[in-house]
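Analysis of the macromolecular model
Now for the letters of each chain:
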Amino acid sequence: MNVVVIRYQAGNIQSVLFALERVGLSPTLSSDPEVIAKADKVIFPGVGEASSTMKELRSSGLDKVIVNLKQPVLGICLGLQLMCKHSEEGNTDCLNIFDLKVKKFIPEGNMKVPHVGWNNIENLKGPLFKGVNENSFVYYVHSFYAEIGKDTAATTNYINPFSAALVKNNFYAIQSHPEKSGDVGETILKNFIEL
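Throughout what follows, the structure given in this document is the object of discussion.

Thresholds applied
Residues numbered from 1 in each chain as written. Predicted model: local features only at pLDDT ≥ 70, side-chain atom pairs only at ≥ 80, totals over all residues. Heavy atoms only, no water. Pairing = 2+ DSSP bridges. Helix = DSSP H or I, 4+ residues; strand = E, 2+ residues; numbered from the N terminus. Axes fitted to C-alpha atoms, helices over the stretch in contact; angles between N-to-C directions. Contact = heavy atoms within 4.5 Å. Buried < 20%, exposed > 50% of the residue type's maximum accessible area, 1.4 Å probe, protein only. Arc of directions from axis to C-beta. Polar contact = N/O pair within 3.5 Å; in protein donor to acceptor, adjacent residues only side chain to side chain. Phe/Tyr/Trp six-rings, centres within 6.5 Å; stacked < 30°, edge-to-face > 60°.

It is worth spelling out the sheet that holds strand β11 (residues 152-158) at this point. An order of β2-β1-β3-β4-β13-β12-β11 is seen for the 7 strands of this open sheet, with the pairing classed as mixed. Two strands lie at the open edges of the sheet, namely β2 (28-30) and β11, each paired on one side alone. Adjacent strand axes in the sheet meet at a mean angle of 25 degrees when their direction is disregarded. Across the face of the sheet, helix α1 (residues 13-22) comes into contact with β1 (3-6), β2, β3 (41-44) and β4 (73-76) while running at roughly 165 degrees to β1.

Set out below in C-alpha cells:
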C-alpha cells in the first residue's frame, strides 16, 4: 500500500507519519506531483494559517495537483479547511472541493477560542466511521470551522455546530486530529486506508 503524505510548510506532519506507522504503514512524505499522483492513498495534513498556506500551494502547483487526484484523499485539520471554498482566515479562496465556507469561532461565555481538547462527534455517516460509536470523543485544536452542508459526514458542537468531517466523491476530510485521538483516531485512519 503506497500512502503519500503531502509535504508542504505545515506543522504536525511528523505526528501524522508516526500515527500511520502505528497502523502498520510506511508512508512516503513528498511534494512531487508525480509521486503524489501515483499513490494509492493521499493524506493532506496541516496545522497553520490558511492564506499563507494557500499561497504556498499555488506557487508550487500543489493546489491543482490536489483537486485533480482520483484516489482517496484525506484532509486533516487545516487540510479540511483548505479543501473548502473560502476561509475567513486571511479572507482566502481555497481549493473549492467542498462548497462550504470556513468561519472563525466567536467566543461565547466561558467557551474560549481556539477550541482545544476532547469533544464528541455525532451524526456519523460514511465509511470513515465504520466501527466508531456515535458521540465518540476526538481531539481538536482550531479557531476556524467549516459550516454544515450537503457534504457533512459528522458534526461537533462547540459554540455552534460545525462539520467535523466532510465527504465528496474520493475526497474525505476531518477537522480533529486522528493522530491525537487515541483508538477512535486510529480506527478512522484504518478505515481511510481500507477504502
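There is more to say, and it comes next.
It is worth spelling out α1 at this point. Of the positions making up α1, those classed as buried are Ile-13, Val-16, Leu-17, Ala-19 and Leu-20. In a view along the axis of α1, the buried residues occupy a sector of 160 degrees, so they form one face of it. Next to the buried residues of α1 lie β1, β2, β3, β4 and α6 (182-193). Just downstream of α1 lies Gly-24, where phi reads positive at about 90 degrees.

The next thing to look at is the side chain of Ser-163. Within the secondary structure, Ser-163 is located in strand β12 (residues 160-168). On the basis of relative accessible area, Ser-163 is assigned to the buried category, the value being 0%. Side-chain polar atoms of Ser-163 contact the backbone oxygen of Glu-147, separated by 2.7 Å. Among the polar contacts made by the side chain of Ser-163, one reaches the side chain of Thr-152 at a distance of 2.7 Å. Residues within four places of Ser-163 in sequence aside, it is in contact with Leu-80, Leu-100, Ala-146, Glu-147, Ile-148, Gly-149, Thr-152, Ala-154 and Gln-175.

You can see Thr-152 is positioned in strand β11. For Thr-152, a relative accessible area of 7% gives the class buried.

Glancing now at the packing of aromatic side chains. Overall, the coordinates contain 8 aromatic pairs when judged by the stated rule. Ring geometry for Tyr-172 and Phe-192: centres 6.2 Å apart, planes at 70 degrees, overall edge-to-face. Residue Tyr-172 is located in strand β13 (residues 171-174), and its partner Phe-192 is located in helix α6; the two are separated by 20 residues in the primary sequence. Assessed through its relative accessible area of 0%, Phe-192 is described here as buried.

By themselves, these observations are geometric and do not establish any function.
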